[in-house]
Structures are given as C-alpha cells and as structure tokens.
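Each chain, written out:
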Amino acid sequence: MTVRVGYFPNNNSLWVLRARGVLERSLPGVRWVDLRDLPAGERPDPRKGLPSLHGDHLFDGGYDFIGTGSTPPVTAQGKGRDIVYVAISGSRHENGRLVVHEDSPIHSLKDLAGRRVALGHGSWQTTLLLFALDRAGLTWKDIEPVDVHGDAAQVFLDREVDAWVGSYPSLTRVERETRVRELVATDGLFSHRSLWFTRRDFAAEHPEELAAIVAALQESDAWIKENPRAAAEFFAADDGGDLDAWEHALRHRPFGLNPVSEDFVAEQQRAADLFHASGLIDRKISVAEAVLPEINRLVESTRVH
C-alpha cells in the first residue's frame, strides 16, 4: 500500500529521514509529501484564530503521518479532528526564546501590553507566547501578535516589531548582526517538543506501517546525533542557509522518539485551555483522548537507550 508521509524542514527528523532514504527499506510504498507543495490557504487573523493546515491535510488526503511542533495537533482537535499522538521528542527549550533589542524600553513581560510581538503563528511559538503572557497576568488580547511566516529575522532587525519569539538558526543571524536581550527563556516555561501524530483510523488499520515509520525515525535520529554536520548539509542545501548555524542548531536539539508522557499531556492541555480562552480555537478539548497506550508501548519498544 501507499503510505503518505508529510515532511518539511521544521521537523528535522522527518526531513533527514526523507533525505537519507531509510524508510524505503521497510516501507517501499512510502510517498513523501512536501508540506510546502500543498495548498497554503488563507492564514487567519492572528488575533482571532490559528492556522490549521497541518491537521486539515491529514484528513483531506494530503498525507497519513506528520511531525510538527506542539500547536498543530491541539488546533486539529479544536476543529474536531480525530487525531492520535504517536511520539514526542525531548525538551527543545534551547531552540528559541522571546527577545527584544538591547536598547528596547521593554524590560518585563508586563511591558508587552500594547506592543507588536512577532511569531510564527500556529507553531510552538504561539504556545510559548501565551504561556509568557499568562505568567505576567496578560492575555492574547493585550498584545498585537504579528504573524511573520516569511523572513522573521529581517522583520525584527528592521524594528518593525517590538519583540520576537525567535528560533535557531534564524536567531544565529540576528545575534551576529545586533545585540538582543532575552525577555523570557523557554526553559522553565515551555518544553517545546517535536511531536508526531496521525489519524485514529490510520493507527488502528495500519499498525505495521506505523511501526515501520517509528523504527525508521529512531534509526535516523540516532544517525543525526552521531553526524550533526552531515545532517546540517541537508538543510543548508535546501534553504541556502549557513551550514555552521544549522550544525549548531542540530547539536543542541534532542533526537529520538519518546512515548507520550503525563507531563506532556498536562502541558498540552494547559495550552489548549489558553487557546480556547483566547478565542483561538472554538471548543474545549481533552488532549488525553488523543493518547493510545498501545502506541506508547510501540514507541517504548523502539527506543535507543
């Protein structure tokens, strides 16, 4: 059978897995779907909604399996999609943080009230920013979120925004060109994990294919840890980016798939509740309903200790 696996550079594990051709050994019918080739649709006003394309394409024939950051599966459940989590990475809190220019008058999270804050809306950055605002007693409506899904680094460097939820390798460029001040670190606020999810019907009807994907990802992730520079070449070749910056980013990210933990579910539930309270999703959801014990057992059996 043909199994469609969605991939894009933002999920480092799937990007490298596709480039290395590892999955084809156990799943010769795999068809790789570059998410950037699928219809982009309209991006919603970041004050009123969340992009939902990752979840939408999982159910409209785009693909059967996907890896993203933490926000898309919550958004999918918020639209009534019957998704199940497959696995999570370790914490990637070193990957990014909320920053301002060194000479900015913003010195605390409370100072964000009324300010323009840039982020890749609908990604992990939305969750981080909501957690930061909640810590300061602010809400989504207290700021002006600016969805920068293009060259976010340049928008920040040009001072078109007051603050930025930045991530590496884009932050590497900014740190080379100007002085920034960290407003809040991701560590201690948000675990910022990679994760992988699918449809409930695919998980139930194709357990062997799902097991093949998990095992191949585990094998490829172990290779990335041992060969970060070689892995970085796959990303730099795609975007023309700085090879050293990509290597630095990959060296500081955890690789390997882990079972879905209770701590992760609690964090996702907190995010989902904040999304709903902010008017970004229309319904309350239960994250735990998207976790299956049999899939957790599958992932645990493939872990490299």
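Residues numbered from 1 in each chain as written. Predicted model: local features only at pLDDT ≥ 70, side-chain atom pairs only at ≥ 80, totals over all residues. Heavy atoms only, no water.

A.B. asks: Could you give an account of the packing of helix α9 (residues 228-239) against helix α10 (residues 243-251), naming the residues involved and the relevant values?
C.D. replies: Relative orientation of the contacting elements α9 and α10 amounts to 130°, with a least axis distance of 8 Å. Looking at the two axes, α9 sits oblique to α10. Where α9 crosses over α10, the handedness of that crossing is right-handed. Of the residues in α10, those touching α9 at Pro-228, Arg-229, Ala-231, Ala-232, Glu-233, Phe-235, Ala-236 and Asp-239 are Leu-243, Asp-244, Trp-246, Glu-247, Leu-250 and Arg-251. Among the residues forming the contact of α9 with α10, the class breakdown is 8 nonpolar, no polar and 6 charged. (Axes fitted to C-alpha atoms, helices over the stretch in contact; angles between N-to-C directions. Helix = DSSP H or I, 4+ residues; strand = E, 2+ residues; numbered from the N terminus. Parallel < 35°, antiparallel > 145°, perpendicular 65-115°, else oblique. Left-handed = near helix turned anticlockwise from the far one by under 90°. Contact = heavy atoms within 4.5 Å. Nonpolar A, V, L, I, M, F, W, Y, C, P; charged D, E, K, R; others polar.)

A.B. asks: If you had to explain the packing of aromatic side chains to someone new, which residues and values would you point to?
C.D. replies: Think of a pair of aromatic rings as described by two things: how far the centres are apart, and how the planes are tilted against each other in angle. The final tally for this structure, using the stated rule, is 8 aromatic pairs. Ring geometry for Trp-223 against Phe-234: centres 6.2 Å apart, planes inclined by 35°, an arrangement best described as tilted. Of the two residues, Trp-223 is situated in helix α8 (residues 207-226) and Phe-234 in helix α9; the sequence distance between them amounts to 11 residues. For Trp-223, a relative accessible area of 22% gives the class partly exposed. Taken together, the ring pairs in this structure connect Tyr-7, Trp-15, Trp-32, Phe-235 and Trp-246 into an aromatic cluster. Cation over ring: Arg-270 sits above Phe-131, and NZ or CZ is 4.0 Å from the ring centre. (Phe/Tyr/Trp six-rings, centres within 6.5 Å; stacked < 30°, edge-to-face > 60°. Buried < 20%, exposed > 50% of the residue type's maximum accessible area, 1.4 Å probe, protein only. Lys NZ or Arg CZ within 6 Å of the ring centre and 35° of its normal.)

A.B. asks: Run through the packing of helix α1 (residues 12-20) against α9, naming residues and quoting values.
C.D. replies: Running from N to C, α1 and α9 cross one another at 90°; their axes reach a closest spacing of 10 Å. By the angle between their directions, the pair α1 and α9 is classed as roughly perpendicular. In this structure, α1 contributes Asn-12, Trp-15, Val-16, Ala-19 and Arg-20 to the contact, and α9 contributes Ala-231, Phe-234, Phe-235 and Asp-238. Classifying every residue of the contact of α1 with α9 gives 6 nonpolar, 1 polar and 2 charged.

A.B. asks: Outline the nonpolar core, listing residues and values.
C.D. replies: Counting residues in hydrophobic clusters, the biggest one holds 51 residues, and the most contacted among them are Tyr-85, Leu-98, Leu-109, Leu-112, Leu-129, Trp-140 and Phe-275. When residues in this core are grouped by element, the largest group, 7 residues, is from helix α4 (residues 124-135). Setting aside chain neighbours within four positions, we find Leu-109 in contact with Leu-98, Ala-132, Arg-135, Ala-136, Leu-138, Leu-183 and Val-184. Grouped together as the second largest cluster of nonpolar side chains are 37 residues, Val-3, Leu-210, Ala-232 and Phe-255 included. (Core = buried A, V, L, I, M, F, W, Y, C linked by side-chain atoms within 4.5 Å.)

A.B. asks: Give a description of the pattern of salt bridges that names residues and reports values.
C.D. replies: The tally for this structure, following the rule as stated, stands at 24 salt bridges. The partner of Arg-173 in a salt bridge is Asp-151, with the nearest N and O atoms 3.5 Å apart. Linking Arg-173 in helix α6 (residues 170-177) with Asp-151 in the loop between β7 (144-147) and α5 (152-157), this pair joins segments that are 22 residues apart in sequence. A relative accessible area of 28% places Arg-173 in the partly exposed class. Since its relative accessible area comes to 44%, Asp-151 is described here as partly exposed. One network of salt bridges, with partners in common, ties together Arg-4, Asp-64, Arg-199 and Asp-201. (Salt bridge = Lys/Arg side-chain N within 4 Å of Asp/Glu carboxyl O.)

A.B. asks: Describe the sheet that holds strand β8 (residues 163-167), with residues and values.
C.D. replies: Adjacent strands of a sheet form backbone hydrogen bonds with each other and so pair up, either parallel or antiparallel. Sheet architecture is open: 5 strands sit in the order β7-β6-β8-β5-β9, paired in mixed fashion. Edge positions in the sheet fall to β7 and β9 (180-185), since each has one partner strand and no second. With strand direction ignored, the average angle separating the axes of adjacent strands in the sheet is 30°. Inspection of the sheet shows strand β5 (residues 96-101) paired to β9 by 5 bridges, in the antiparallel sense. Each residue of the ladder has a partner; that of Val-100, found in β9, is Arg-181. Along the sheet, α4 makes contact with β5, β6 (116-119), β8 and β9, crossing β8 at roughly 135°. Helix-sheet contacts for α6 involve β5, β8 and β9, and the interaxial angle to β8 is about 125°. (Pairing = 2+ DSSP bridges.)

A.B. asks: Help me get a handle on unusual backbone geometry, residues and values and all.
C.D. replies: Even without being a glycine, Arg-159 presents a positive backbone phi close to 60°. Its place among the elements puts Arg-159 in the loop between α5 and β8. Accessibility expressed as a relative area gives 48% for Arg-159, which makes it partly exposed.

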